[in-house]
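Here is how the chains run, residue by residue.
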Amino acid sequence: MANQTIPTQAFAGQRPGTSGLRKKVTVFMQPMYLENFVQALLDVLNGCRADGPAGTALHDQTLVLGGDGRYHNRLAVQTILKQAAANGVRRVLLGQGGLLSTPAASAVIRRRQALGGIILSASHNPGGPDGDFGIKYNASNGGPANEALTEAVYARSQNLREIRCSDASDIDIDTLGVRWLDQMQVEVIDPVADYAAVMRSLFDFDLLRGMFQRGFTLRLDAMNAVGGPYAKAILENELGAPSGTVVNALPLEDFGGLHPDPNPVNAEDLIAHMMRADAPDYGAAMDGDADRNMVLGRQFIVTPSDSLAVMTAHARLIPGYRDGLLGVARSMPTSAAVDRVAKVLGIPCFETPTGWKFFGNLLDAGRVTLCGEESYGTGSSHVREKDGLWAILFWLNLQGATGRSVESLVREHWHTYGRNYYSRHDYEGIPTVIADALMADLRAGLPGWRGQAFGSRTVTLADDFSYADPVDGSVSAHQGVRLMFDDGARVVFRLSGTGTEGATLRVYLERYEADPSRQDTPVQQALAELAAVAEQVAGIRTRTGMAGPSVAT
Ligand code: G16
């Protein structure tokens, strides 16, 4: 078989966002669209500059490849394999059937000491021919590539004139074992094995087995996504949870029409089960690529920010964290609930921009052990991605170790540390020009807000969040407009970096309540005043014509 050199032209807009390049499937299916991005990536990994000649750095390297199984995944895998072969990659470790959850890909990269991995996923975005597709690169630490690398790939993509691709036939990606694509070795691996080994090293599997033996009940909704096989293998096959504990467990190319985003809006079936009088003890869900999680108790929903705080407070009860935590990190829009725990524990707490990639340096430098985000993501130093099933097992282990329910763990937490009422309001599908103008006006108005009163609250800080990475010194500016008030409340505005249609404005609302007798107000009611401030400051309804947020979680 021969390597072909095929002329191409650059596509505009191939700049990776919060987590890789995400576009409509129809965009990715344009001839050469995927190929261009992959060539740009392989060129950069091969040591090329934006417009320099091809290098050879990949010739003795291993890459990991797999995705969440959404529509276009299998085709993309074959294309990428042929491009990798023609660009001199020595070996590819491929998840069987082209499947690897995002945290499992991270685990494989780390355990097998690969150069990095290509992950095919648009995460929680809907799939199918009319849905979304995505591709991202994770580096040798197992974590999302940093901005320097993604910018280099973008620059290269804009200068691309040709791609290199093998004209070999498609290979069998469904049978475990080693095969060859030209000079490149492809090893089709069990997508679960490495990941399961990591979980075994962190949690008390005997304790968990005993819980299920004694009749503990769990409903885990895998949302017809890639997490299903992982959850079945670990919970049902290894820990003895009854068959049927994991529902929607078969990964489907269109997620069975579900929106695989584990939040109270999109996981409505799980919420309905957990609100019933005969609800299971514990409920949980994962997203399209199994890196997000939502945890619930009977008639009780845990917010991601509270989840991170509770996990931090009790981490020593989990075998993998019995020596304590080095520190914790949260993204800026995530509530400050975990900050209070870190203070009591006497450990550092870092505030980073949105995007898991910002946690990588802190984890690599040994400055933090747990990380979390308001967007239903929690993780630890065991991999370099957020990890849905890990978080679900952590909460299971926590319930087993304390003998307490999810609700009682959270309520006790509020009692001890106070409650950070928290909500995110999303305004989806706004025309980009309107969203950009709204943010530009907010930024322009920043100097005038300090000292301004809104009802009983006064603004003490108004800024556009900027992050200086404490490890490598790199600065990421314009990460979100913040209004902080004298009572600790805040309103944050930013545009999503993961959408594929128009713009999504995210408004994050938070206020603190120390008094246990006032910790039971419905969340939207508790935050109504702050929502009104956000509207007053940004004029969202007038500008967008929307009567309210499309999603409030
Ligand atoms: C990605 C990132 C997360 C981020 C989330 C939302 O998650 O990895 O760090 O919090 O997007 O980002 P945005 O607010 O910009 O839409 P995932 O699960 O989509 O990969």
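Remember, it's a predicted structure, so these values are computed and weren't measured experimentally.

### Some remarks on the overall build of the protein chain
Okay, step 1: Looking only at helices and strands, one finds 18 helices and 27 strands in the protein chain.
Okay, step 2: Since a compact globule built from 553 residues should have a radius of gyration of about 24 Å, the 23 Å found for the protein chain is in line with a globular shape.
Okay, step 3: Over its C-alpha atoms, taken along the principal directions, the protein chain stretches across nearly 75 × 60 × 40 Å.
Okay, step 4: A total of 553 residues make up the protein chain; the buried ones form 59% of that total.
Okay, step 5: Sequence-distant contacts in the protein chain: of pairs separated by 6 or more residues, those separated by 24 or more amount to 72%.
Okay, step 6: About 20,400 Å² of surface is accessible on the protein chain, with carbon and sulfur atoms providing 49% of the total.

### A few points about the nonpolar core
Okay, step 1: If you look at the biggest cluster of nonpolar residues, it comprises 72 residues, and the most contacted ones within it are Met 199, Phe 203, Leu 235, Leu 389, Trp 390, Leu 393 and Trp 395.
Okay, step 2: Tallying contributions element by element places helix H13 (residues 388-402) first for this core, with 9 residues.
Okay, step 3: Per-domain counts for this core show at least three residues from each of domain 1 (3-191) and domain 2 (195-417).
Okay, step 4: With residues up to four places along the chain from it excluded, the contact list for Met 199 reads Phe 205, Ile 234, His 382, Asp 387, Trp 390 and Leu 393.
Okay, step 5: With 43 residues, the next largest nonpolar core counts Ala 40, Leu 63, Leu 94 and Ile 118 among its residues.

### Let's talk about the site of the ligand
Okay, step 1: Close contacts around the ligand come from 19 residues, with Glu 373, Ser 496, Gly 497, Thr 498 and Arg 506 the closest.
Okay, step 2: With respect to the ligand, the backbone of Gly 497 contributes an N or O atom lying 2.6 Å from an oxygen atom.
Okay, step 3: At 2.6 Å from an oxygen atom of the ligand is found a side-chain nitrogen or oxygen belonging to Arg 506.
Okay, step 4: Of the residues assigned to the shell around the ligand, the class counts are 1 nonpolar, 10 polar and 8 charged.

### Focus: the environment of Arg 494
Okay, step 1: Inspection of the secondary structure puts Arg 494 in strand E25 (residues 490-495).
Okay, step 2: Under the relative-accessibility criterion, Arg 494 is labelled buried at 9%.
Okay, step 3: Once residues within four sequence positions are removed from consideration, Arg 494 is found in contact with Thr 18, Pro 333, Thr 354, Met 439, Gln 479, Gly 480, Thr 504, Leu 505, Arg 506 and Tyr 508.

### Considering the domain arrangement of the protein chain
Okay, step 1: Along its sequence, the protein chain is carved into domain 1 (3-191), domain 2 (195-417) and domain 3 (419-552).
Okay, step 2: The distance between the C-alpha centroids of domain 1 and domain 3 comes to 36 Å.
Okay, step 3: With 9 residues of domain 1 at the interface, the matching set in domain 3 holds 6 residues.
Okay, step 4: Summed over both sides, the interface between domain 1 and domain 3 buries roughly 570 Å², with carbon and sulfur atoms accounting for 42% of that surface.
Okay, step 5: The largest share of the area that domain 1 buries against domain 3 comes from Thr 18, Arg 22 and Lys 24, three residues that together contribute 60% of it.
Okay, step 6: Counting across the interface, domain 1 meets domain 3 through 1 salt bridge.
Okay, step 7: Residues Glu 501 and Lys 24 are paired through a salt bridge, measuring 3.3 Å at the closest nitrogen-oxygen approach.
Okay, step 8: For the pair domain 1 and domain 3, the number of links is 1 residue pair in polar contact (both at pLDDT 80 or more).
Okay, step 9: Counted by class, the side of domain 1 that touches domain 3 contains no nonpolar, 4 polar and 5 charged residues.

### Quick notes on helix H8 (residues 227-238)
Okay, step 1: Between the first and last C-alpha of H8 there are 15 Å, a value that for 12 residues agrees with the 16 Å anticipated at 1.5 Å per step.
Okay, step 2: Buried within H8 we find Gly 227, Gly 228, Tyr 230, Ala 231, Ile 234, Leu 235 and Glu 236.
Okay, step 3: Looking one or two residues beyond H8, the residue adopting positive phi is Gly 240, at roughly 80 degrees.

### Focus on the side chain of Glu 513
Okay, step 1: Structurally, the position occupied by Glu 513 is in strand E26 (residues 503-513).
Okay, step 2: Here Asp 515 takes part through its backbone nitrogen, which lies 3.1 Å from a polar atom of the side chain of Glu 513.
Okay, step 3: What Glu 513 contacts, discounting residues up to four positions off in sequence, is Gly 418, Arg 419, Tyr 421, Arg 518 and Gln 519.

### Let's talk about the side chain of Asn 293
Okay, step 1: Along the chain, Asn 293 falls in strand E13 (residues 293-297).
Okay, step 2: Accessibility expressed as a relative area gives 4% for Asn 293, which makes it buried.
Okay, step 3: A distance of 2.8 Å separates polar atoms of two side chains, one belonging to Asn 293 and the other to Thr 378.
Okay, step 4: Look past the residues within four positions of Asn 293 in its chain and what remains in contact with it is Pro 262, Ala 285, Tyr 376, Gly 377, Thr 378, Gly 388, Ala 391 and Ile 392.

### Digging into the environment of Asp 441
Okay, step 1: Assignment of secondary structure puts Asp 441 in helix H15 (residues 432-445).
Okay, step 2: Along the primary structure Asp 441 and Val 537 are separated by 96 residues, whereas in three dimensions their C-alpha atoms are 9.8 Å apart.

Definitions and cut-offs
Residues numbered from 1 in each chain as written. Predicted model: local features only at pLDDT ≥ 70, side-chain atom pairs only at ≥ 80, totals over all residues. Heavy atoms only, no water. Helix = DSSP H or I, 4+ residues; strand = E, 2+ residues; numbered from the N terminus. Rg over C-alpha atoms; globule rule 2.2 N^0.38 Å. Buried < 20%, exposed > 50% of the residue type's maximum accessible area, 1.4 Å probe, protein only. Contact = heavy atoms within 4.5 Å. Areas by Shrake-Rupley, 256 points an atom, 1.4 Å probe, with all protein chains shown as cover. Core = buried A, V, L, I, M, F, W, Y, C linked by side-chain atoms within 4.5 Å. Domains from an automatic or database assignment. Near = heavy atom within 4 Å. Polar contact = N/O pair within 3.5 Å; in protein donor to acceptor, adjacent residues only side chain to side chain. Nonpolar A, V, L, I, M, F, W, Y, C, P; charged D, E, K, R; others polar. Buried area = accessible area lost by both parts, 1.4 Å probe. Salt bridge = Lys/Arg side-chain N within 4 Å of Asp/Glu carboxyl O. Expected span 1.5 Å × (residues − 1).

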